[in-house]
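Close look at the chain arrangement
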Amino acid sequence: MAEVLKEDYELQCACGNRGSAPGERINMIRVRDKLDELEAAGDTAGAVRLLDYWLAEARSIGDQLGETLIENEFVGLLRKADQGVEAIRHGVTALKLIEEYGLKGTVTDGTTRINLATAYTAFGQPEKAMELFAEARIIYEARLCLGDGKLAGLYNNMGLCATALGRYDEGRKLFNKALEENGGLYSGKGMYAVTASNIIDTYWSK
């Protein structure tokens, strides 16, 4: 899911809405709650319809950030549904919106690159993925505080991509950075377990 900070909402206000009232936006909390419910029920078709509805709504009120975030949600949903072509298509669209709406360099920009990169990794294009991860890393390390869980998530996903490329030592270093950033605060033992499993898999692959 795409993460947004207060600074990104302020940036969204600055870039203007197409004919809507200032600050008018879709309710992303509501969207995500319903999306989680549909995904938990295994209703991918219903989840797609939900996102289609809110994408149209965001466009109709000129909610540029909301439109970008919905495109991001499509990437994760379709990746998990094993619909690689569509997942990547939505990710590319989200990245274009980042440029168009003046969101470049924000945390939302970094998250968009991570989402698309994760899809590229999942569907056999790790070279493209690593380029996007590297760009996201620059943004995240500049914007986020040390110990932020989103950094741990980046390093984990980037480590998996490095492993897919056969860059095992780089992958191991990235997983270790994920452990350092996690600091036991973000997702606790669960996050540690996932990262530790990734490290073990990397050693076996090597």
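Structural data are supplied above this passage.
Here's a quick rundown of the structure. All values derive from a computational prediction rather than experimental measurement.

1. A few points about the packing of aromatic side chains
Enumeration according to the criterion identifies one aromatic pair in this entry. Taking 5.1 Å as the distance between ring centres and 85° as the angle between the ring planes, the aromatic pair formed by Tyr53 and Trp54 counts as edge-to-face.

2. A closer look at the nonpolar core
A general trend in soluble globular proteins is that nonpolar side chains are found buried together. Residues Phe133, Tyr140 and Leu154 are the most contacted members of the largest nonpolar core, which totals 24 residues. Contributing elements (two or more residues each) for this core: helix H5 (84-100), helix H6 (107-122), helix H7 (126-143), helix H8 (149-164) and helix H9 (168-182). Those residues within four positions of Tyr140 in sequence are excluded, and the remaining contacts are Val107, Gly110, Thr111, Ile114, Lys150, Leu151 and Leu154. Formed by 23 residues, the second largest nonpolar core is a distinct cluster that contains Ile26, Ala47, Ile61 and Ala87.

3. Side note on helix H2 (residues 28-40)
The end-to-end C-alpha distance of H2, which contains 13 residues, comes to 18 Å, matching closely the 18 Å that a straight helix rising 1.5 Å per residue would cover. Within H2, burial applies to Met28, Val31, Arg32, Leu35 and Leu38. An end-on view of H2 places all buried positions within 125° of arc, on one side of the element. Across from the buried face of H2, at angles greater than 90 degrees, the exposed residues are Ile29, Arg30 and Ala40.

4. Thoughts on the environment of Thr108
Tracing the sequence through the fold places Thr108 in helix H6. Classification of Thr108 as buried rests on a relative accessible area of 0%. On a C-alpha basis, the gap between Thr108 and Thr68 in space is 8.7 Å, while along the polypeptide they are 40 residues apart.

5. What about the pattern of salt bridges?
In the structure shown here, the tally under the stated rule is 13 salt bridges. The closest approach of N and O atoms between Lys104 and Glu99, which form a salt bridge, is 3.4 Å. Overall, the relative accessible area of 47% leaves Glu99 in the partly exposed class. As a salt-bridge pair, Arg137 and Glu141 come within 2.9 Å of each other at their nearest N and O atoms. Placement of the pair is Arg137 and Glu141 together in helix H7, with a separation of four residues, close to one helical turn.

6. Quick notes on unusual backbone geometry
Notably, Asp82 is not glycine yet its phi reads approximately 65°, a positive angle. Residue position: Asp82 is located in the loop between helix H4 (64-80) and H5. The class of Asp82 is exposed, set by a relative accessible area of 60%.

7. Structural notes on the packing of H5 against H6
Pairs of packed helices are described in terms of their axes, by the angle between the two and the distance that separates them. Between H5 and H6, whose axes approach to 9 Å, the crossing angle comes to 160°. Put simply, H5 runs roughly antiparallel to H6. In terms of crossing hand, the pair formed by H5 and H6 is left-handed. In this structure, H5 contributes Ile88, Gly91, Val92, Ala94, Leu95, Ile98 and Glu99 to the contact, and H6 contributes Thr108, Asp109, Thr112, Arg113, Leu116, Ala119 and Tyr120. Residues that form the contact of H5 with H6 fall into these classes: eight nonpolar, three polar and three charged.

Calculation rules
Residues numbered from 1 in each chain as written. Predicted model: local features only at pLDDT ≥ 70, side-chain atom pairs only at ≥ 80, totals over all residues. Heavy atoms only, no water. Phe/Tyr/Trp six-rings, centres within 6.5 Å; stacked < 30°, edge-to-face > 60°. Core = buried A, V, L, I, M, F, W, Y, C linked by side-chain atoms within 4.5 Å. Buried < 20%, exposed > 50% of the residue type's maximum accessible area, 1.4 Å probe, protein only. Helix = DSSP H or I, 4+ residues; strand = E, 2+ residues; numbered from the N terminus. Contact = heavy atoms within 4.5 Å. Expected span 1.5 Å × (residues − 1). Arc of directions from axis to C-beta. Salt bridge = Lys/Arg side-chain N within 4 Å of Asp/Glu carboxyl O. Axes fitted to C-alpha atoms, helices over the stretch in contact; angles between N-to-C directions. Parallel < 35°, antiparallel > 145°, perpendicular 65-115°, else oblique. Left-handed = near helix turned anticlockwise from the far one by under 90°. Nonpolar A, V, L, I, M, F, W, Y, C, P; charged D, E, K, R; others polar.

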